[in-house]
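# Residue-level structure breakdown
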Amino acid sequence: MQEQIAKLFPQATFETVDNTLTVTIDDAHWHDLATYLRDQLHMDYLVTIVGMDWVTSLGCIYYMMSTVDNKMVAAKVSTTDRVNPYITSVADLWAIAGIYEREVYDFFGIIFVGNPDMRRLFLNIDWKGFPLRKDYDENDPRNAVSIENERQTDDTYTYVRQADGSVERKSVPVFMPDDFVVNIGPQHPATHGVLRFRTAVDGETIKKIDVYMGYIHRGIEKLCESLTYPQTLPFMDRMDYFSAHNYHHGLCATIEKAAGITISDRAQVIRVMMDELSRIASHCLFIGTYCMDLGATTMLFYTLRVREQILDIMEKTCGARMTFNYDCIGGVMQDIAPDFVADVKALLEILPKNIKEYNKIFTGNVIARNRMEGVGVLSRQDAISYGITGPSGRASGWACDMRKEKPYSIYSQLDFRQVVAEEGDSMARFKVRLQEMEESAHILEQLVDNIPEGEYCVKVPKMLKLPKGAWFDMYEGCRGVFGVYVESDGTTKPYRLKLVPPCLNLAAVVDHITRGEKIADLITIGGSLDYIVPDMDR
Amino acid sequence: MPYEAWKDNEYIEGLVNELRENGTNVIVGTFDKLINWGRSNSIWPLTFATSCCGIEFVSLGAARFDMARFGWEVARASPRQADFMMVAGTIVNRMVPVFRRLYDQLAEPKYVIACGSCAISGGPFRKSYHVAKGIEDIVPVDVFVPGCPPRPEAMIYGIMQLSRKIKVERFFGGVNRQQKRQEYLNLVQEKQS
Ligand code: SF4
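Residues numbered from 1 in each chain as written. Chains lettered and ligands numbered in written order. Predicted model: local features only at pLDDT ≥ 70, side-chain atom pairs only at ≥ 80, totals over all residues. Heavy atoms only, no water.

By nearness alone, 14 residues border the ligand, and Cys52(B), Cys53(B), Ser117(B), Cys118(B) and Cys148(B) come closest of all. Chains contributing residues to the immediate surroundings of the ligand are chains A and B. Those elements that provide at least two residues to the shell around the ligand are helix 3 (52-61) and helix 5 (117-121) of chain B. Here the residues of the shell around the ligand sort into 7 nonpolar, 6 polar and 1 charged. (Near = heavy atom within 4 Å. Helix = DSSP H or I, 4+ residues; strand = E, 2+ residues; numbered from the N terminus. Nonpolar A, V, L, I, M, F, W, Y, C, P; charged D, E, K, R; others polar.)

Okay, structure coming up:
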């Protein structure tokens, strides 16, 4: 791959960062390179854009993955101008790039020339400064908490490069003047958290949705930069609180890889078991809340019953019901509880019966089928372009399960099936999750009697320092790919910790997927995507 | 719950004494009792959850913890129909005006429970650039429930405390603690200066 690129782009330089080929290229050739990567090398899945502040320059690292052969490549683009940093946008190549670029703009102030929508994403329009820059003043009184309503505008901006090379800012309206815009959220029981949709409707049909985020943006990435590595872990519980174990697993594994720590087999197995238990619990809650969105409140009580049982298992071992903080660097916090094995077996016994029951009560129901089948269809191509991973992506026919595609931990030794459906509608997303619960149960069955003996946590230095370098890895959360990017400058604290949540993509696709649908279906489509708002906002 | 099991009897008794010192009319007092009995046993929450703590609030509504036992299960989606607001989750800068507006829209008499360390002080995110350091600076709070997240049992305890507070209130005559917006702003200013 390196030779192919070098032939066409002689100015590019290459390095290998954490086994990923990283191409450094100047801004003038970036768009051409991106087009080449996407079209010729099939890098059709843009995993993330990591904004960076290297003090002397600002820049981005683009991580791309091919859905054909699972190869990865990264591209580095930077600019030394800190006042007007311009980078060419790739929003025309990957649909999700538009949102990613807005995020980078919000955090670093990098302006993407050509992006049709260059508003801030999480912070309000009058926010002063760019928080993830190293010279950001956190105590700026102009950013203090205020009970005055934030300024709203109906315009967005786009930056266009002129023929003479200068860049001009243009104002574009978000909605047409005669659009009828309905505001849904942020306080709305059906948006699953504090998310806001500005919805343009034509009668009952949705014309366009403008998604507003940031109502629970807590600045986790910035906070992590001032904490030591073990101290960054508890935040993983609080992003996607249903994937707490999976996210912990991800960050711990990346840090362990960077520090060269090998953990015991016992810890690996315990981690995987906890991940799969979380997955079952998470999908249970999904089924409950989704059915509630459709008006079947009773299902919530049925599914929460199983979830409570899983929470009991976890509580006995981890000591908490939700924010476990269980995986630690080097293994897990404490050994499993004495009745862990018996409890998991009891769960495995009742689970198939319960899934059958859910199917009987809900899946075959005429009303449910009418409201789910053929509603909110997402094609495979769009799913990839928007980076929709997890059960929602697999429902569109894209095999994107990182446990299979890029196996980590002990997943390569386990026997399980990657559930993929073709339809891409709400029903498929619902069914994929139901089947995934069965697969997770199958994984648990294989492990429950084979937990190896050994220590549950290896010794790690008290003040853990990572060597200089950068690492990027992808893991499977309950809602999709969870990426971790760690850059270290050799101290005990991360220089940059970028967390790639799956839910940001899920929220970004709402506009695309609901166009032309009825407004009553907005809630069910959003519910079937199953996003968690604190996860996308971080 | 037996009397000894409560942790803050002194505080509630202090409140009762204070009210008594102001003198109570016998007839009105009896009405008060009757109305408060009704009010305290059917406090309706506003469905308001921003993050993790909200999920525990959902568990509270389900069969295991079953808040319907106490008459709190009627979670309202509109603040105009709710009696109290369980602030479950982090409140960030962008949410503050919305949150304040929701509070303003609650019908009188209204109550606020700060649930979880985020609502109390900003919790694990206290040092963040975009998190309000406790909701007490934004709205008056009646009960604090610590925890990250508080267990559902703790939430039950917290709401029961609220019922107890409601029971000793005087419904008639000048106790509805509506704070006018200007009054509140002055208070905040005083606090800051
Ligand atoms: S107190 Fe803890 S559990 Fe509750 S919202 Fe804050 S971080 Fe989440």
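A separate point is the interface of chain B and chain A. On the chain A side, the residues contacting the 44 residues of chain B number 49 residues. Across the interface of chain B and chain A, roughly 3900 Å² is buried in total on both sides, 63% from carbon and sulfur atoms. In terms of surface lost to chain A, no three residues of chain B exceed Arg94(B), Phe125(B) and Tyr129(B), which account for 23% of the buried area on that side. Linking chain B with chain A are 4 salt bridges, by the criterion used here. Between Asp312(A) and Arg64(B) there is a salt bridge, with its nearest N and O atoms 3.0 Å apart. For the interface between chain B and chain A, the tally reads 12 residue pairs in polar contact (both at pLDDT 80 or more). Elements that contribute at least two residues to the side of chain B that touches chain A include exactly helix 3, helix 4 (96-105) and helix 7 (181-192) of chain B. Among the residues forming the side of chain B that touches chain A, the class breakdown is 27 nonpolar, 9 polar and 8 charged. (Contact = heavy atoms within 4.5 Å. Buried area = accessible area lost by both parts, 1.4 Å probe. Salt bridge = Lys/Arg side-chain N within 4 Å of Asp/Glu carboxyl O. Polar contact = N/O pair within 3.5 Å; in protein donor to acceptor, adjacent residues only side chain to side chain.)

Before going further, it helps to spend a moment on the state of the cysteines. Residue and element names in this part refer to chain A. All chains considered together, the criterion is met by 0 disulfides over all chains. Left without a disulfide partner, Cys-328 is nearest to the cysteine sulfur of Cys-457, which lies 3.8 Å away. In this structure Cys-503 is not part of a disulfide, and its nearest cysteine sulfur, from Cys-478, lies 10.0 Å away. Take Cys-503: its relative accessible area is 0%, and that puts it in the buried class. (Disulfide = S-S within 2.5 Å. Buried < 20%, exposed > 50% of the residue type's maximum accessible area, 1.4 Å probe, protein only.)

A few words on the sheet that holds strand 5 (residues 72-79) of chain A. All names here are of chain A. Spatially, the 5 strands line up as an open sheet ordered 1-2-5-4-3, and their pairing is mixed. Edge positions in the sheet fall to strand 1 (13-17) and strand 3 (45-53), since each has one partner strand and no second. When the angles between neighbouring strand axes are averaged without regard to direction, this sheet yields 25 degrees. The sheet contact formed by strand 3 and strand 4 (residues 58-65) spans 8 bridges and is antiparallel. Opposite Val-50, over in strand 4, you have Ile-61 as the bridge partner. Strands in contact with helix 3 (residues 97-108) are strand 3 and strand 4; relative to strand 3, the strand with the most contacts, it is inclined by about 10 degrees. (Pairing = 2+ DSSP bridges. Axes fitted to C-alpha atoms, helices over the stretch in contact; angles between N-to-C directions.)

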